[in-house]
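Tertiary structure, described
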Amino acid sequence: MQDGLIVKALSGFYYVQPDDGGDVVACRARGLFKKQGVSPLVGDRVRFEAKVDGSGEGTVVELKPRSTELVRPPIANVDTALIVFAVTRPDINRSLLDKFLALSELAGLRSILCFTKADLLEKPEAADLQAEIAELRATYERIGYPVYLTSSRGGEGIAGLLGELEGRITVIAGQSGVGKSSLLNRLAPGLLLATNEISEKLGRGKHTTRHVELFRVGERGMLADTPGFSSLEFPEMEPEALTEAFPEFAELSNGCKFRGCLHLKEPGCRVLEAVASGEADKQRYEHYAAFAVEIRDRKRRY
């Protein structure tokens, strides 16, 4: 018996990286899991046994307890979300950015923001863009999110970002066309993921990934490119719970007059006061309010 980590699941096989550093073993899962209604996931810590016939195949015989589990994408034991947007081309969709962050918070993940294509800020005509990105960076760093500016061309910010990912299992997600595959190639040299040029006509790129797979980054980090994570929908939840997905509002809510305040129209709302005074970011609040209404209306329909 050996211990290992499932790094890929494809066509009924689970590819397990042994803890002792040996070659990846293509494993089938024991029929017992199907009877129990349990499926192994990428990111699962497992016990497995390799066949002695030299085929390089084996069998997953035990799943170890999971710390986290995501449904879309199907992956276990993630502790960090690397959320990737470009400084421009395409323009940053702030609503989508805040939705990624909110879903990451609700899943219990630590979030890191990465703005790619930082080399575009060096152009003489980019002064306004520089100011916009600097203000955006300051907004999210005040909340407590680590923010990195990176360039896949020049390597800017890559070393610092690698330090953030060390010893963690990280999902990478973000707006289409921002160069996630190029960033992965920088974080894990030799990976040679397919990259697509951005469509100038549409202002967006095409996601090239077809399955969930973990890749080694640094000495002890693992990072997954996660197709399907762009289909964002809040889980079934009470609207009041959304506050916990916005850390700055969760802290302010202790000062609200009414318990269970939704921070929409209630009197004595500390969050609304903070937004009005400029203490809290107005655009972040507008996105929070839109998400709260979305969740509330969905509950009413069902």
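First, a word on scope: everything that follows refers to the structure included in this document. (Residues numbered from 1 in each chain as written. Predicted model: local features only at pLDDT ≥ 70, side-chain atom pairs only at ≥ 80, totals over all residues. Heavy atoms only, no water.)

Here Ser111 shows up in strand E9 (residues 110–116). Of note is the side chain of Ser111, whose polar atom sits 2.7 Å from the side chain of Ser104. With residues near it in sequence (within four places) discarded, Ser111 still touches Ala81, Ile83, Leu101, Ser104, Tyr145 and Pro146. (Helix = DSSP H or I, 4+ residues; strand = E, 2+ residues; numbered from the N terminus. Polar contact = N/O pair within 3.5 Å; in protein donor to acceptor, adjacent residues only side chain to side chain. Contact = heavy atoms within 4.5 Å.)

In this section: unusual backbone geometry. Put simply, Arg89 and Pro90 share a cis peptide bond, and its omega is 5°. The residue Pro90 is located in the loop between strand E8 (80–86) and helix H2 (94–106) in this model. Residue Ser11 is not a glycine yet carries a positive backbone phi of 55°. Topologically, Ser11 is positioned in the loop between strand E1 (2–10) and strand E2 (13–18). The phi angle at Lys117 is positive, at roughly 60°, despite the residue not being glycine. Relative to the elements of secondary structure, Lys117 occurs in the loop between E9 and helix H3 (127–143). Lys117 sits in the partly exposed class, given a relative accessible area of 22%. (Buried < 20%, exposed > 50% of the residue type's maximum accessible area, 1.4 Å probe, protein only.)

In this section: the pattern of salt bridges. Summed over the entire model, instances satisfying the criterion amount to 14 salt bridges. The partner of Arg270 in a salt bridge is Glu279, and the shortest N-O contact between them spans 2.9 Å. Its relative accessible area of 24% is what places Arg270 among the partly exposed residues. The class of Glu279 is partly exposed, set by a relative accessible area of 48%. (Salt bridge = Lys/Arg side-chain N within 4 Å of Asp/Glu carboxyl O.)

Next up on the list: the packing of aromatic side chains. Summed over the entire model, instances satisfying the criterion amount to 9 aromatic pairs. With a centroid separation of 5.2 Å and 55° between ring planes, the pair formed by Phe234 and Phe291 is classed as tilted. Note that Phe234 is positioned in the loop between strand E13 (221–225) and helix H6 (247–252) and Phe291 in helix H8 (residues 282–301), a separation of 57 residues in sequence. We classify Phe234 as buried; its relative accessible area is 2%. (Phe/Tyr/Trp six-rings, centres within 6.5 Å; stacked < 30°, edge-to-face > 60°.)

Mapping Asp44 onto the fold places it in the loop between helix H1 (31–35) and strand E4 (45–50). Taking the relative accessible area as the measure of exposure, Asp44 reaches 0% and is therefore buried. Here Arg66 takes part through its side chain, which lies 2.7 Å from a polar atom of the side chain of Asp44.

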